[in-house]
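Analysis of the macromolecular model
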Amino acid sequence: MIKIVTIIGARPQIIKAAALSRAIKNFYSDSIEEIIVHTGQHYDANMSQVFIDELGIPQPNYNLNIGSGGHAKQTADMIIGIEELLQELKPDFIVLYGDTNSTLAGAMAASKIQIPIVHIEAGLRSFNRTMPEEINRIICDHTSTLLFTPTATGFNNLINEGFKKQNSLPYNADNPGIFHCGDVMYDNSLFFKDIANEKSTILLDNNLVEHNYILSTIHRDNNTDIPERLNSIFNAILEIANKENIPIVIPLHPRTKKLIDTNLDKELLTELKTTKQIVLLPPVSFLDMIALESNCKLVMTDSGGVQKEAYFFNKPCIILRSETEWVEIVKEGAAIISDADKNVIISSYDKLKSLNHKAFPIIFGEGRAAEFICRTVLEASNCI
Ligand code: UD1
Ligand code: UDP
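A short tour of the structure in this document, coming up.

The rules we used
Residues numbered from 1 in each chain as written. Chains lettered and ligands numbered in written order. Predicted model: local features only at pLDDT ≥ 70, side-chain atom pairs only at ≥ 80, totals over all residues. Heavy atoms only, no water. Near = heavy atom within 4 Å. Areas by Shrake-Rupley, 256 points an atom, 1.4 Å probe, with all protein chains shown as cover. Helix = DSSP H or I, 4+ residues; strand = E, 2+ residues; numbered from the N terminus. 1 Å grid on protein atoms, 1.4 Å probe; cavity = no way out; pocket = protein on both sides within 12 Å on 5 of 7 lines; lining within 4 Å. Points joined across faces, edges and corners; volume = space filled by probe spheres on them. Axes fitted to C-alpha atoms, helices over the stretch in contact; angles between N-to-C directions. Parallel < 35°, antiparallel > 145°, perpendicular 65-115°, else oblique. Left-handed = near helix turned anticlockwise from the far one by under 90°. Contact = heavy atoms within 4.5 Å. Nonpolar A, V, L, I, M, F, W, Y, C, P; charged D, E, K, R; others polar. Core = buried A, V, L, I, M, F, W, Y, C linked by side-chain atoms within 4.5 Å. Buried < 20%, exposed > 50% of the residue type's maximum accessible area, 1.4 Å probe, protein only. Pairing = 2+ DSSP bridges. Polar contact = N/O pair within 3.5 Å; in protein donor to acceptor, adjacent residues only side chain to side chain.

1. Comments concerning the site of ligand 2
Looking at ligand 2, there are 19 residues lining it, with Arg220, Val284, Ser303, Gly305 and Glu309 nearest. Here ligand 2 has 530 Å² of accessible area as a free molecule, and 94% of this is covered by the chains. Only α1 (11-27), α13 (286-295) and α14 (304-312) provide two or more residues apiece to the shell around ligand 2. The leading source of residues in the shell around ligand 2 is α14, at four residues.

Okay, here's the thing in structure tokens:
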């Protein structure tokens, strides 16, 4: 039996963790003990607990309750809390997801006391170091022992940074193992799609008609915190909603909810709040989100996860960023990078709205990434 400590903290990590917890419960409960540590980075019920309840993730064994704060204080408090727990729990591995401050804190704490790191969603790069996430993921990758990439591009990025695919057992931080295994979020989307469409009433509740609404999410700091960019995005959204007479559903991240009040021009804010075709919602549950994604006409987002889920459900996507880590979806013609440019957002909509909804090629694995990860972790610890 091996012991792993899984760190969760931000919304997407909680959702990603569901895939591994499910694989452990279904196939590896005799060989893997999972202890879940929530950093408390996200704490509103609709940013955290809703996913734990809905997706069948075991209740976290510990919650550090760190909450919001500047990068340094938030990360430092997490490092202290995680180190104390790792010293007490002495796990065989720590499992880290993605690229948030919770990921970085886990990497910093574990690497200094020689707890081997498993990084899930390794190798992704935006090649934009002004993004806090880019720093977090590079540091986490370069302190990890087992790295699992969701895409071939992620794997190649690691090779380009000096990781060697010929490394073999026994793995450690100086001899890390890299594996391309597909995306745990693809596992989740396949698993939860039918459940979502059976259980979710979100379309009905908001009078939405299948294939006749746009789904949008915005939360990146360089969109929410820079007034010109935020105004430009919401101007485009309003123009499309009015011109096309199509509802645009926007589940608002708490960061965005706060910042539209201060950073949007007053007139635009009023128009946003009073236009009938704009449906502003609080953050929605994952099942509601999957229902929204799988039934919409098109997605406009700056979220990493939502871009990819649009692809899983064969929906075209406008990426409200200057670059993406998920370059495959752009290469396939399924998504266009618009950045925060109003004119490009509108012209991208015009290009994508009539895209023939054929199935996009499969590039995120077979939906069994989590099982592969469990098996590989066990092999690395000599338990298979
Ligand atoms: C974080 C991640 C980002 C990820 C996103 C997922 C970092 C550096 N950023 O960004 O990579 O895409 O999560 O959603 O780790 N807030 C609440 N309630 C909550 C959580 C946050 O009100 O439950 C508000 C607070 O005002 C907080 C702000 O949102 O200051 C930002 O939260 P934070 O976790 O710092 O960053 P995110 O923008 O959520
Ligand atoms: N998500 C959700 N409810 C929402 C918005 C997003 O369940 O209101 C899910 C979404 O389906 C995806 C994940 O949260 O699985 C993405 O998280 P987010 O956009 O916050 O972060 P990112 O992926 O950009 O790091």
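Moving on, there is more to tell.
2. A look at the layout of surface pockets
The method is simple in principle: a probe with the dimensions of a water molecule rolls over the atoms, and the space it marks as empty is what remains. Taken as a whole, the second largest pocket holds about 260 Å³ of empty space. In terms of lining, the second largest pocket is formed by 15 residues, of which the most central are Tyr186, Tyr311, Phe312, Phe313 and Asn314. Contributions of two or more residues to the lining of the second largest pocket are made by α7 (184-199) and α14. No other element matches the four residues that α7 contributes to the lining of the second largest pocket.

3. A look at the packing of α7 against α14
In the contact formed by α7 and α14, the axes pass within 11 Å of each other and the chain directions differ by 55 degrees. As far as their axial angle goes, α14 and α7 are oblique. As for the relative orientation of α7 and α14, their crossing is right-handed in sense. Of the residues in α14, those touching α7 at Met185, Tyr186 and Ser189 are Lys308, Glu309 and Phe312. For the contact of α7 with α14, a count of residues per class yields three nonpolar, one polar and two charged.

4. What about the packing of helix α10 (residues 227-244) against helix α12 (residues 266-274)?
In the contact formed by α10 and α12, the axes pass within 11 Å of each other and the chain directions differ by 40 degrees. Classified by the angle their axes make, α10 and α12 are oblique. Read as a crossing pair, α10 and α12 show a hand that is left-handed. Residues Asn231, Phe234, Asn235, Leu238 and Asn242 of α10 form the contact with α12, whose participating residues are Leu268, Glu271 and Leu272.

5. Observations regarding the nonpolar core
Leu20, Ile120, Phe148 and Leu292 are the most contacted members of the largest nonpolar core, which totals 69 residues. In terms of residue count, the dominant contributor to this core is α1 (eight residues). In this view, Leu292 contacts Ile202, Leu203, Leu208, Tyr213, Leu215, Val249, Pro251 and Val284; residues no more than four positions away in its chain are not counted. Counting residues in hydrophobic clusters, the runner-up holds 29 residues, among them Ala236, Ile250, Leu252 and Tyr349.

6. Some points on the pairing of strand β8 (residues 214-217)
The two faces of β8 match: Ile214 and Ser216 on one face and Leu215 and Thr217 on the other face are all buried. The pairing of β8 with strand β9 (residues 248-251) spans two bridges and is parallel. Of the residues in β9, the one forming a bridge with Leu215 is Val249. As judged from the four bridges shared by β8 and strand β11 (residues 298-301), these two strands associate in the parallel manner. From the neighbouring strand, Ile214 faces β11, where its bridge partner is Leu298.

7. Considering the site of ligand 1
For ligand 1, the set of nearby residues contains 19 residues, the closest of which are His42, Asn101, Glu133, Arg255 and Lys258. In the model, an oxygen atom of ligand 1 is placed 2.9 Å from a nitrogen or oxygen of the Gln41 side chain. Glu133 places a side-chain nitrogen or oxygen 2.6 Å from an oxygen atom of ligand 1. Protein chains shield 88% of the accessible area of ligand 1, which is 750 Å² for the free molecule. Among the elements that line the shell around ligand 1, the one with the most residues is helix α11 (residues 254-263), at three residues. For the shell around ligand 1, the residue count by class is five nonpolar, nine polar and five charged.

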